[in-house]
Amino acid sequence: MFDRILVPLDRSALAERAIPYAIALARAVNGHIALLHATPSGRAPGQGEAELDVAARLDELADQLRRQGIRVDARVVPGNAAETIVDAAGRAHTDVIVMSTHGRGGLGRWLYGSVADQVLRRAEVPILLVSAACDHPWPTDRPLKMLVSLDGSETSEAVLDSARQLGQILGVDAIFLRVIEAAASSDFGFDPAHLRIGRPEADGGLAEASGYLERIAGQSASPFRSVDTIVDVGEPAVRITALARQEGVDLIVMATHGRTGLARLTIGSVATATLHRTHVPMLLMRPAGLRESDTETPDAASRR
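So, here is what we can say about the structure in this document. Small disclaimer: the values here were computed from a predicted structure and weren't measured.

**Topic: the sheet that holds strand 6 (residues 145-150)**
Inference 1: Spatial ordering of the open sheet is given by 3-2-1-4-5-10-9-6-7-8, a layout of ten strands whose pairing is mixed. Pairing within the sheet leaves two strands with one partner each, and these edge strands are strand 3 (71-78) and strand 8 (226-233). Neighbour to neighbour, the strand axes of the sheet diverge by 25° on average, direction disregarded.
Inference 2: Sheet analysis places strand 7 (residues 173-180) next to strand 8, joined by eight bridges and oriented parallel. The partner of Arg178 across the bridge, within strand 8, is Val231.
Inference 3: Seen against the sheet, helix 6 (residues 160-170) touches strand 6, strand 7, strand 9 (251-255) and strand 10 (282-285) and runs at an angle of roughly 170° to strand 6.

Put into structure tokens, the structure is as follows:
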């Protein structure tokens, strides 16, 4: 239950932005943090010195965490970054990977093609992603507020177990959200121009969406301090991030896949579009049983 936490690092300040969130999880469960740096295999000129610098920085970070009462170890492992992270997570029976969406590559690349993207394609555990735009430390003077985004599909519900676990260990106030794309609103029998946001009972055609959320919330209520539901209409990523700010949310939880199924992983999907916009961390979960080939993007496939 989030006891074993893996934090991949790459000597950059951007990557280290993930550490405070790992600390918060570790403190809640007296968990263990593993700091990991993957270094390219083989010896290039100056690589030995660079590895010593990396090891020294990891040891420094580990000492800082130990002084805060956190159980921690740190390792430098040769190999491809994404492969090394996924392999280390499996070997250590990691419960969650906490990592930045950016590292030494800076802001030039978002999720696509990055280490975070590759880890999302392969990891079997939830990943807490911290974007470079994340400016929202988790509060220590009040309970966390979590937004759980669902789209009505069983695939999107892959995150529910993780959300419940977080609710149990962190004492979370939860909001369950379903955003219906405006283009599909006629399928639900209403005009989005007349929708009263957050008040689905005002439109009889939203009964299905509202009932779905109420059912999910009822099944999930016990681990949380409080539970609320919202049905909204619009472009999902835009509405998710807007509501996250409006409601003062500290964490967004969602699956890498939803109604679009296996055709896409995250590129061009709601998950990636939300990562581009959000100012809070996102806990993402790849539904069990999906192979990496199932989650390949159309652009990636065309390059093969």
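**Points about the pairing of strand 2 (residues 32-39)**
Inference 1: Most of strand 2 is tucked away, with seven of its eight residues classed as buried.
Inference 2: Bridge count between strand 1 (residues 4-9) and strand 2: six bridges; the pairing is parallel. When the bridges of strand 2 are listed, Leu6 appears paired with Ala34.
Inference 3: Both strand 2 and strand 3 contribute to a ladder of eight bridges, which runs parallel. Across the sheet, Leu36 pairs through a bridge with Arg75, a residue of strand 3.

**Observations concerning the packing of helix 4 (residues 81-91) against helix 5 (residues 115-122)**
Inference 1: Relative to each other, helix 4 and helix 5 sit at 40°, their axes nearing to 9 Å. With respect to each other, helix 4 and helix 5 are oriented oblique. For the crossing formed where helix 4 meets helix 5, the hand is right-handed. Between helix 4 and helix 5, the contacting residues are Ala81, Ala82, Glu83, Ile85 and Val86 on the first element and Val115, Gln118, Val119 and Arg122 on the second.
Inference 2: In the contact of helix 4 with helix 5, the residues fall into six nonpolar, one polar and two charged.

**Points about helix 9 (residues 270-277)**
Two residues of an α-helix separated by three or four positions point the same way, owing to the 3.6 residues in each turn.
Inference 1: Among the residues making up helix 9, those that are buried are Ala271, Thr272, Ala273, Thr274 and Leu275.
Inference 2: Where helix 9 is buried, its residues meet strand 5 (127-130), helix 8 (236-246), strand 9 and strand 10.

**With respect to unusual backbone geometry**
Inference 1: One non-glycine residue with positive phi stands out, namely Phe2, at about 60°.
Inference 2: Position of Phe2 relative to the elements: it lies in the segment before strand 1.
Inference 3: Judged by its relative accessible area of 2%, Phe2 falls in the buried class.
Inference 4: Positive phi values are uncommon outside glycine, yet His93 reaches one of about 55°.

**Brief notes about the nonpolar core**
Inference 1: Core analysis: the largest hydrophobic core is formed by 55 residues, its most contacted members being Ile33, Leu35, Val98 and Phe176.
Inference 2: With seven residues, the single largest contributor to this core is helix 2 (residues 19-29).
Inference 3: Among residues more than four places away in sequence, those in contact with Val98 are Ile5, Leu6, Val7, Pro8, Ala18, Tyr21, Ala22, Leu25 and Leu128.
Inference 4: Within the second largest apolar cluster, 32 residues are counted, among which are Ala82, Val125, Ile175 and Ile230.

**Description of the packing of aromatic side chains**
Inference 1: Taken as a whole, this structure holds two aromatic pairs when the rule is applied.
Inference 2: Where Tyr21 meets Trp138, the ring centres are 5.1 Å apart and the plane angle is 80°; that geometry is what we call edge-to-face. With a gap of 117 residues between them, Tyr21 in helix 2 and Trp138 in the loop between strand 5 and strand 6 connect regions that are remote in the sequence. Each member of the pair, Tyr21 together with Trp138, is buried.
Inference 3: With a centroid separation of 6.1 Å and an interplanar angle of 80°, the aromatic rings of Phe176 and Phe224 are classed as edge-to-face. Taken as a pair, Phe176 in strand 7 and Phe224 in the loop between helix 7 (207-220) and strand 8 lie far apart in primary sequence, 48 residues in all.

**Digging into the pattern of salt bridges**
Inference 1: Following the criterion strictly, the structure yields eleven salt bridges and no others.
Inference 2: Across the salt bridge formed by Glu124 and Arg286, the nearest N and O atoms sit 3.0 Å from each other. With Glu124 in the loop between helix 5 and strand 5 and Arg286 in the loop between strand 10 and helix 10 (298-302), the pair connects residues that are 162 residues apart, well separated along the chain.
Inference 3: Residue Glu124 is classed as exposed on the basis of its relative accessible area, which comes to 58%.
Inference 4: On the accessibility criterion, Arg286 (5% relative accessible area) is buried.
Inference 5: A salt bridge links Arg239 to Asp232, with the nearest nitrogen and oxygen atoms 2.7 Å apart.
Inference 6: Connected through shared salt-bridge partners, Glu16, Arg57 and Glu60 make up one network.

Basis of the calculations
- Going along each chain's sequence as written, the residues are numbered from 1 onward.
- Thresholds applied to this predicted model are a pLDDT of at least 70 for local features of residues and 80 or more for the giving and counting of side-chain atom pairs; totals over whole chains, interfaces and linings are not thresholded and use all residues.
- Heavy atoms throughout the structure, all of them, feed into the side-chain values; hydrogens and water do not.
- What makes two strands pair is DSSP finding at least two bridges between them.
- Counting from the N terminus, the helices are DSSP H or I runs at least four residues long and the strands are E runs at least two residues long.
- Note on geometry: axes are lines fitted to C-alpha atoms, helical ones only across the stretch in contact, with angles between N-to-C directions running from 0 to 180 degrees.
- Any two residues having at least one pair of non-hydrogen atoms within 4.5 Å are treated as being in contact.
- To sort residues, take the accessible area from a 1.4 Å probe on protein chains only and compare it with the maximum for the residue type: under 20% means buried, over 50% means exposed, and anything in between is partly exposed.
- An angle below 35 degrees is read as roughly parallel, one above 145 as roughly antiparallel, one from 65 to 115 as roughly perpendicular, and any other as oblique.
- Should the near helix be turned anticlockwise from the far one by less than a right angle, the crossing is termed left-handed; should it be turned clockwise, right-handed.
- Each residue gets one of three labels, nonpolar for Ala, Val, Leu, Ile, Met, Phe, Trp, Tyr, Cys and Pro, charged for Asp, Glu, Lys and Arg, and polar for the others, Gly among them.
- What makes a nonpolar core is a set of buried Ala, Val, Leu, Ile, Met, Phe, Trp, Tyr and Cys residues whose side-chain atoms join them at distances within 4.5 Å.
- Between the rings of Phe, Tyr and Trp (Trp by its six-membered ring), a pair exists once the centres lie within 6.5 Å; its type follows the angle of the planes, with under 30 degrees stacked, over 60 edge-to-face, and the other angles tilted.
- For this document, the term salt bridge refers to a Lys or Arg side-chain nitrogen within 4 Å of an Asp or Glu carboxyl oxygen.

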